[in-house]
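Architecture at a glance
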Amino acid sequence: MVRVGRLLNYDELLEQYPDWVLWETAAYYKESTPEATEEARLRCLRKTGHVIKFIQDHGLTRRVLCETAPDIPEDFCVYLRDVTPEGLEFYRTGYMKWLKRFERNMHADPADVRVMEKALEQMRQKKEA
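Described below are features of the structure shown in this document.

A closer look at the overall build of the protein chain
Looking only at helices and strands, the protein chain has 4 helices and 2 strands in total. Helices and strands appear in the protein chain in the N-to-C order α-β-α-β-α-α. The C-alpha atoms of the protein chain give 15 Å as radius of gyration, which agrees with the globular expectation for 129 residues (14 Å, within 12%). The dimensions of the protein chain, computed from C-alpha atoms along their principal axes, are 50 × 35 × 30 Å.

Side note on the state of the cysteines
With the rule as written, the count across this model stands at 0 disulfides. No disulfide involves C44; its sulfur sits 12 Å from the nearest other cysteine sulfur, which is in C77. Here C66 is not cross-linked by a disulfide; its sulfur's nearest cysteine counterpart is in C77, at 12 Å.

As for helix α4 (residues 114-128)
The periodicity of an α-helix, 3.6 residues per turn, causes residues three or four places apart in sequence to face the same way. Between the first and last C-alpha of α4 there are 21 Å, a value that for 15 residues agrees with the 21 Å anticipated at 1.5 Å per step. Of the residues making up α4, those classed as buried are M116, A119, L120 and M123. The buried side chains of α4 occupy one side of the element, clustering within an arc of 100 degrees when seen end-on. Pointing more than 90 degrees away from the buried face of α4 are the exposed residues R114, K118 and E128. Buried residues along α4 sit in contact with α2 (34-57) and α3 (85-104).

Criteria and thresholds
Residues numbered from 1 in each chain as written. Predicted model: local features only at pLDDT ≥ 70, side-chain atom pairs only at ≥ 80, totals over all residues. Heavy atoms only, no water. Helix = DSSP H or I, 4+ residues; strand = E, 2+ residues; numbered from the N terminus. Rg over C-alpha atoms; globule rule 2.2 N^0.38 Å. Disulfide = S-S within 2.5 Å. Expected span 1.5 Å × (residues − 1). Buried < 20%, exposed > 50% of the residue type's maximum accessible area, 1.4 Å probe, protein only. Arc of directions from axis to C-beta. Contact = heavy atoms within 4.5 Å.

As structure tokens, this is what we get:
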């Protein structure tokens, strides 16, 4: 991927894209068979639910997004305006690292958030230094 210029900071992004969706449960692959599509939909719900629980538990959201996380509603989405500036930084780094696990193994356990915990810890240590 080619990056032109610098990344926009949180306030610049929020000003330009207030309705930017970071996570949504409707973003799953449509497969050639209904069974595979249903499996992809459920996998997306599980992954998104564990991410929502993680970001809420670690203070990366402006408010409680879902009381029942990781069990989230079917039509759930998280907008940029719902996360803190630190939450956006985490999305760009820690979440993307966690997501790469599923490129190697699509059946990896989404409840295993150790990669996100480690990335958040590193991000916060870097900020303190």
